[in-house]
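Coordinate analysis (summary)
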Amino acid sequence: MEIYLLVILVFIAYFIIRRQILIKQVNLFNQLLYVEKSPEKYIDEVNKLLLKIQSSRERNINLIQKTTGLLYAGRFDESITILMDEIKKIPPNWQHIYYHNLILSLFFNGEIDKANDVVIEAKGVLDEYQKRENNKSAIEFVYAVSDFYNDKGISRKEFFESLSINGRNDYRIALGYYFLSKINALENNEEESKSNLEKAKTFGKGSFIEHI
């Protein structure tokens, strides 16, 4: 009986320690990417994790996390290659992040037809995740970007205006201003387009947006 109790206590201690490590890791990633605004440092930190012995599930999660940094760094080809070639099975609860990073990387890389194919493929998954309040804005962003690249950009102006004010982090705000700038250009409003592009660069410091 005492042995069983000891085993249970060891398992509990393991999961508590494991949880604390994961929380610390998430906080570090957020600090590097959204506070220090250094996608390259973020990528380096994920690469350290990928050098460690880990399960295939953990490796796939870390690869998906790496593509978040690659996306903001503007290294779209690398992000696409990892997501389409290196990840054989998407871990449960990571489908929305996987498709978010893949679809955006394809659109920003100019691979519009491939991106559209993935949007169609992922629609069922994305719609399911969109029902969850904490994922709603991110999924709507994917659809708004898709609409923009399929000649429906002006119809999404209100969404991007809201995003530029209420985005969950500076990079999301930057993308809101970036697409607003593109929509302003479609409206032949050059002055507003330039103004919003400058705001995008300011909020997007450290990312590919800063150098557009």
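One structure accompanies this document, and this report is about it. (Residues numbered from 1 in each chain as written. Predicted model: local features only at pLDDT ≥ 70, side-chain atom pairs only at ≥ 80, totals over all residues. Heavy atoms only, no water.)

Some remarks on the nonpolar core
For clarity, the threshold we go by: Residues belong to one nonpolar core when they are buried, are Ala, Val, Leu, Ile, Met, Phe, Trp, Tyr or Cys, and are joined through side-chain atoms within 4.5 Å. Think of it in three bands: with a 1.4 Å probe and only protein chains considered, a residue is buried below 20% of the maximum accessible area for its type, exposed above 50%, and partly exposed in between. Secondary structure elements are defined from DSSP: runs of H or I of at least 4 residues count as helices, runs of E of at least 2 residues count as strands, and each element is numbered from the N terminus. Residues are treated as being in contact if the distance between any of their heavy atoms lies within 4.5 Å.
By size, the foremost hydrophobic cluster in this structure holds 56 residues, and its most contacted members are I103, F108, L126, F141, F160, L175 and F179. A per-element tally of this core places helix α9 (residues 170-186) first, with nine residues. The contacts of F179, once residues within four sequence positions are left out, are F108, F141, V145, F148, Y149 and F160.

Here's the deal with the packing of aromatic side chains
Filter applied, for reference: Stacked, tilted and edge-to-face are the three classes assigned to paired rings of Phe, Tyr and Trp, where Trp is represented by its six-membered ring and a pair needs centres within 6.5 Å; plane angles under 30 degrees give stacked, over 60 edge-to-face, the rest tilted. Consider the ring centre and the ring normal. A charge sits over the ring if Lys NZ or Arg CZ is within 6 Å of that centre and within 35 degrees of that normal.
Throughout the structure, instances matching the rule amount to 19 aromatic pairs. Ring centres 4.9 Å apart and planes at 35° place the aromatic pair Y72 and Y171 in the tilted group. Placement of the pair is Y72 in helix α3 (residues 56-73) and Y171 in helix α9, with a sequence separation of 99 residues. Judged on exposure class, the residue Y72 and its partner Y171 are both buried. One aromatic cluster is present, formed by F76, F107, F108, F141, F148, Y149, F159, F160, Y178, F179 and F208 through successive ring pairs. One cation-aromatic arrangement involves R172 over F141; the distance from NZ or CZ to the ring centre is 4.5 Å.

Digging into the side chain of N196
Here N196 is to be found in helix α10 (residues 190-203). Owing to a relative accessible area of 4%, N196 belongs among the buried residues under this scheme.

Observations concerning the packing of helix α5 (residues 95-108) against helix α7 (residues 133-152)
Pairs of packed helices are described in terms of their axes, by the angle between the two and the distance that separates them. What counts, and what does not: Lines fitted to C-alpha atoms define the axes here, with helix axes fitted over just the stretch in contact, and angles between the N-to-C directions of these axes take values from 0 to 180 degrees. Roughly parallel means an angle under 35 degrees; roughly antiparallel means over 145; roughly perpendicular covers 65 to 115; every other angle is labelled oblique. For any helix crossing, the convention is left-handed if the near helix is rotated counterclockwise from the far helix by under a right angle, and right-handed if that rotation is clockwise. As a working rule, the residues Ala, Val, Leu, Ile, Met, Phe, Trp, Tyr, Cys and Pro are called nonpolar, Asp, Glu, Lys and Arg charged, and the rest polar, with Gly in that last group.
Across the interface, α5 lies against α7 with an axial gap of 11 Å and an inter-helix angle of 25°. The pairing of α5 with α7 is recorded here as roughly parallel in orientation. Remark: the crossing between α5 and α7 carries left-handed chirality. Counting all contacts with α5, which are made through H96, H100, I103, L104, F107 and F108, the residues of α7 involved are N135, A138, I139, F141, V142, V145, S146, Y149 and N150. Grouping the amino acids of the contact of α5 with α7 by side-chain chemistry returns ten nonpolar, five polar and no charged.

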